[in-house]
Amino acid sequence: MLKKEPDNIVYSPAVIDFVTVSVEFCAILEKGETVSREQWVDKMLKLLPLMYIKASLLPQTVEINDESPETFVKEEDYARVAALISSIMGEEDVYLDVFVEDMKYSERPISAFISENIADIYQDVRNFISIYQYGLTEQMNDALLICQQNFKTYWGQKLINVLRPLHSIFYSVDENDDLSEMDLNEEELWD
């Protein structure tokens, strides 16, 4: 293992912050914990915007090695994460997306899946943090570059797209809620 170089870009506070949030994101998806949809959506609504901010603040870097860094997320890992999310989301997994390439050529909205979009984000972020865990500065640098490029061209948009349905699910009023009770609570606030 190479000696850490504190002035190297991969050890900058912005990168460490992104790694920290990414590790938390991956840990939630890898636990395989059965939680309620409301709890899971609440976690994602707090974590995904933070990931977006931290990814947008990453410093620019340049490629060091000619070879692409190793990928760690296998098809089975992706499928496991997508299946977990799909089981949590149930019928709420599908939503209409207008920010997809196919929409340019369609008169009808395109269906997208929360589970697939989050699994896409997971795949890229997990590959990055897996390389980061080895502590090899040059490989970490190149993995950072790839993750940053993919954020700009691919998973950053997916992250933003998935926030809309998650927000709608979390903050929608359930038809079974007693609206008069909600009105009463608002009146009590002003008394």
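Above: the structure in question.
Bear in mind the structure is a predicted one, so any value in this text is a computation, not a measurement.

Participant: Can you help me understand the pattern of salt bridges in this one?
Facilitator: Opposite charge on two side chains lets them pair, provided their charged atoms get close. The final tally for this structure, using the stated rule, is 6 salt bridges. A salt bridge links glutamate 30 to arginine 126; the nearest nitrogen and oxygen atoms lie 2.7 Å apart. One end of the pair, glutamate 30, is in helix α1 (residues 13–31); the other, arginine 126, is in helix α4 (residues 114–132), and 96 residues separate them in sequence. Taking relative accessible area as the criterion, arginine 126 reaches 16% and is therefore assigned buried. Among the ionic pairs, aspartate 120 bridges to lysine 158, the shortest N-O distance being 3.1 Å. Placement of aspartate 120 in helix α4 and of lysine 158 in helix α5 (residues 137–171) is noted, with a sequence separation of 38 residues between them.

Participant: Just checking my understanding: could you explain the pairing of strand β1 (residues 94–97) for this structure?
Facilitator: Residues in a regular strand point their side chains to alternate faces of the sheet. Only one face of β1 is covered, namely the one carrying Tyr95 and Asp97; the face carrying Val94 and Leu96 has none of its residues buried. Bridge analysis of β1 against strand β2 (residues 110–113) gives 4 bridges, and the strand direction is antiparallel. By the bridge assignment, valine 94 is partnered in β2 with phenylalanine 113.

Participant: How should I be thinking about empty space enclosed by the protein in this particular structure?
Facilitator: By rolling a water-sized probe across the atoms, one finds the places where empty space is left. This model, assessed by the stated rule, comprises 1 cavity of 30 Å³ or more. Considering only enclosed or pocket space, the largest cavity measures out at about 60 Å³ in volume. Lining the largest cavity are Ile28, Lys31, Gly32, Glu33, Val35, Trp40, Lys43, Leu84 and Ile88. Taken together, the residues of the lining of the largest cavity sort by class into 5 nonpolar, 1 polar and 3 charged.

Participant: Would you mind going over α1 with me for this structure?
Facilitator: Given 3.6 residues to a turn, an α-helix orients residues that are three or four positions apart in the same direction. Here α1 spans 27 Å end to end across 19 residues, near enough to the 27 Å set by a 1.5 Å rise per residue. Just downstream of α1 lies glycine 32, where phi reads positive at about 70 degrees.

Participant: Just to check I follow, could you spell out α5 for this structure?
Facilitator: Here α5 spans only 43 Å end to end across 35 residues, well under the 51 Å set by a 1.5 Å rise per residue. Along α5, the helix axis deviates most sharply at phenylalanine 151, where the bend reaches about 65 degrees.

Participant: Would you mind going over the packing of aromatic side chains with me for this structure?
Facilitator: For any pair of aromatic rings, the description consists of the separation of the ring centres together with the inter-plane angle of the planes. A complete count under the given rule lists 7 aromatic pairs for this structure. Between the aromatic rings of phenylalanine 18 and tryptophan 155, the centroid separation amounts to 6.4 Å while the plane-to-plane angle is 20 degrees, which identifies the pairing as stacked. Of the two residues, phenylalanine 18 is situated in helix α1 and tryptophan 155 in helix α5; the sequence distance between them amounts to 137 residues. The exposure classification of phenylalanine 18 matches that of tryptophan 155, with both residues buried. Here the aromatic residues Phe18, Tyr52, Phe128, Tyr132, Phe151 and Trp155 are joined through ring pairs into a cluster of three or more.

Participant: Hey, could you run me through the side chain of asparagine 127 in this one?
Facilitator: Tracing the backbone through its elements, the reader meets asparagine 127 in helix α4. Among the polar contacts made by the side chain of asparagine 127, one reaches the main-chain amide nitrogen of phenylalanine 72 at a distance of 2.6 Å. Those residues within four positions of asparagine 127 in sequence are excluded, and the remaining contacts are Thr71, Phe72 and Val73.

Each value, and the rule that gives it
- Residues numbered from 1 in each chain as written.
- Predicted model: local features only at pLDDT ≥ 70, side-chain atom pairs only at ≥ 80, totals over all residues.
- Heavy atoms only, no water.
- Salt bridge = Lys/Arg side-chain N within 4 Å of Asp/Glu carboxyl O.
- Helix = DSSP H or I, 4+ residues; strand = E, 2+ residues; numbered from the N terminus.
- Buried < 20%, exposed > 50% of the residue type's maximum accessible area, 1.4 Å probe, protein only.
- Pairing = 2+ DSSP bridges.
- 1 Å grid on protein atoms, 1.4 Å probe; cavity = no way out; pocket = protein on both sides within 12 Å on 5 of 7 lines; lining within 4 Å.
- Points joined across faces, edges and corners; volume = space filled by probe spheres on them.
- Nonpolar A, V, L, I, M, F, W, Y, C, P; charged D, E, K, R; others polar.
- Expected span 1.5 Å × (residues − 1).
- Bend = angle between axes of the 7 residues up to and from the residue.
- Phe/Tyr/Trp six-rings, centres within 6.5 Å; stacked < 30°, edge-to-face > 60°.
- Polar contact = N/O pair within 3.5 Å; in protein donor to acceptor, adjacent residues only side chain to side chain.
- Contact = heavy atoms within 4.5 Å.

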